[in-house]
Each structure stands twice: as C-alpha cells, then as structure tokens.
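# A look at the structure
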Amino acid sequence: CPIKNKKPEDIDMVVIRENTEDLYSGIGGILKKGTPDEVAIADMVFTRKGCERVIRYAFETARARNKQKKVTLVDKANAIRAMDIWTRTFAEVGEEYPDIKRDHAYIDAACMWMIKNPEWFDTVVTSNIFGDILTDLGAMVQGGLGIAASGNIHPGRISMFEPIHGSAPKYKGKNVASPVGAIAAA
C-alpha cells in the first residue's frame, strides 16, 4: 500500500468543491424511457460567478490554513472543453494571491496521486462531480467514509455540516457505522 508508512501529520488536505452547479444542477432528463430508443441527457453547468466564488474561497482557505500554501485545481479541461472556464478563472484569480502556489491536475491523475502521494495536496478546488469523487477517495485515505466530516459552507451565511457519507441509512440498527464523521462535523 503506498500510504502504509505515512502518518496523519504527513497528510493534511482540504477539498473544496463547488456545490450548486455542474451535473448536479439537474438539467436534462430521459426521453423514451424503457424503450430501445431511450436517451438520457445531463448537462454540466459552469458559470464564471460560481467558478470564481469557489476558487477565491480556496485561495483564502489555503492562506488561512498556512500549511503548504498551495491550491490545486482539479478538472478535466483536456477532454471536457467547457471546463476551460475553470482553468482560466483559476489563472486569473490566482494572480491576486502571489503568496499561494498554484498547481493543476486532471481528475484521473489527481485520484492516482491522492493514493500514491497524498502529502502533495494542501487545498484542492474542483467542480461538484469531481469533488464528489475526490472527497470519497480522500475519506478512504484517512480511514473510511465513516471518519470524514464535510461542510456545505456559505461564507458569512448559514452552513450545513454532516458526515461525508450523509446519514447512511443502510447501516441503521446494525451497530457497524462509525460516529466519528458525525462528531467531527458537529
């Protein structure tokens, strides 16, 4: 296992994902459901406002954490051309933070590196769908979904905190779920 000799003090990262856009916006649907001609469509939605908001928050978080002072953008702009809005916004906003190092990784490589070299990461910023993937992977690096806490942060407003796995109803009454993620979220 690539992380077997790594200690908690070696791995300290935060993943910040945009949480209102992307595939989770619900734009799309299914046409001719249940027929041989069935078509499913889901549209990714990225706005400059949404990208800039979360990217700026990531830079501020990296500055406040005062760890590696590095923000890594994770996208897939090489294959999903619409994600270029993330790349350009990251570059532009990053200019306002000369004290913060910038890094970039495509989602597939970021997943590999999170297992192989998790200590490389400090503050990660990404889209909703890729953030969903990375946070589950990151939770496994630290011990499992039951261990990780998450927060839906609305800076300056009301935020919601929960274990990364949500309520995990399939484990209700089985005495197998760890409460650590819920405790950390609280």
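First, a word on what this report is: a plain description of the structure on this page. Every value quoted in this text rests on a predicted model; they were computed, and no experiment measured them. Throughout this description, residue numbers start from 1 for each chain and increase along the sequence as written. This being a predicted model, a pLDDT of at least 70 is required before a residue's local features are given, and a value of 80 or more before pairs of side-chain atoms are given or counted; all residues contribute to the totals for chains, interfaces and linings. Note: side-chain values were computed over all heavy atoms of the structure, leaving out hydrogens and water.

### With respect to the overall build of the protein chain
The cut-off we apply is this: Helix and strand assignments follow DSSP, with helices taken as H or I runs no shorter than four residues and strands as E runs no shorter than two, numbered in order from the N terminus. In this description the radius of gyration comes from C-alpha coordinates, and the expected globular size is given by 2.2 Å times residues to the power 0.38. Only protein chains enter the accessibility calculation, which uses a 1.4 Å probe; a residue whose area is less than 20% of its type maximum is buried, one above 50% is exposed, and one in between is partly exposed. Only the protein chains shown count as covering a residue, and every accessible area follows the Shrake-Rupley method with a 1.4 Å probe. Charged residues are defined narrowly, with Lys and Arg counted positive, Asp and Glu counted negative, and His plus the chain ends left uncounted. For this purpose, a charge sits on NZ of Lys, CZ of Arg, CG of Asp or CD of Glu.
Counting secondary structure elements, the protein chain contains five helices and eight strands. Along the protein chain, helices (α) and strands (β) appear in the sequence β-β-β-α-β-α-β-α-β-α-β-β-α when read from the amino end. The globule rule puts the C-alpha radius of gyration for 186 residues at 16 Å, and the 18 Å found for the protein chain is close to it. Once the C-alpha set of the protein chain is aligned to its principal axes, its extents read approximately 55 × 50 × 40 Å. Across the 186 residues in the protein chain, those meeting the buried criterion constitute 34%. Split by element, the accessible area of the protein chain, about 11,000 Å² in all, is 57% carbon and sulfur. Considering the protein chain, the positive charge centre built from 25 side chains and the negative charge centre built from 24 side chains are found 4 Å apart.

### Looking at the layout of surface pockets
Convention followed: Definitions used throughout: a 1 Å grid over protein atoms alone; a cavity as a set of points that fits a 1.4 Å probe which cannot get out; a pocket as an open set with protein on both sides within 12 Å along at least five of seven lines; a lining residue as one with an atom within 4 Å of a point. Grid points are joined across faces, edges and corners, and a volume is the space filled by probe spheres set on the points. In this count, Pro and Cys sit with the nonpolar residues alongside Ala, Val, Leu, Ile, Met, Phe, Trp and Tyr, while Asp, Glu, Lys and Arg are called charged and the others, Gly among them, polar.
Space inside the largest pocket adds up to approximately 1,300 Å³. In terms of lining residues, the largest pocket is bounded by 42 residues, among which Val-15, Ile-16, Thr-135, Ser-150 and Gly-151 are the most central. Only strand E1 (14-17), helix H1 (48-65), helix H4 (128-142), strand E7 (149-152), strand E8 (160-163) and helix H5 (180-185) provide two or more residues apiece to the lining of the largest pocket. When residues in the lining of the largest pocket are grouped by element, the largest group, seven residues, is from H4. Its residues assigned to classes, the lining of the largest pocket shows 20 nonpolar, twelve polar and ten charged.

### Some points on a nonpolar patch on the surface
So the rule is basically this: Patch membership requires over 30% relative accessible area and the absence of a salt bridge. Like charges are linked within 9 Å, and nonpolar side chains (Val, Leu, Ile, Met, Phe, Trp, Tyr) within 5 Å. One speaks of a salt bridge when a side-chain nitrogen belonging to Lys or Arg is within 4 Å of a carboxyl oxygen belonging to Asp or Glu.
Taken together, the side chains of Leu-31, Val-39 and Ile-41 make up a nonpolar region of the molecular surface, amounting to roughly 270 Å² of accessible area. Structurally, Val-39 is set in strand E3 (residues 39-42).

### A look at the packing of aromatic side chains
The following threshold applies: Note on aromatic contacts: the rings of Phe and Tyr and the six-membered ring of Trp form a pair at centre separations within 6.5 Å, being stacked when their planes are under 30 degrees apart, edge-to-face when over 60 apart, and tilted otherwise.
Within the structure shown, the criterion is met by four aromatic pairs. Ring plane angle 85 degrees and centroid distance 6.1 Å describe the contact between Phe-46 and Trp-86, whose orientation is recorded as edge-to-face. Of this pair, Phe-46 sits in the loop between E3 and H1 while Trp-86 sits in helix H2 (residues 84-94); the two residues are 40 residues apart in sequence, bridging distant segments of the chain. Accessibility expressed as a relative area gives 14% for Phe-46, which makes it buried. Members of the aromatic cluster, each reached through a chain of ring pairs, are Phe-59, Phe-90 and Tyr-97.

These values are about where atoms sit, not about what they do.
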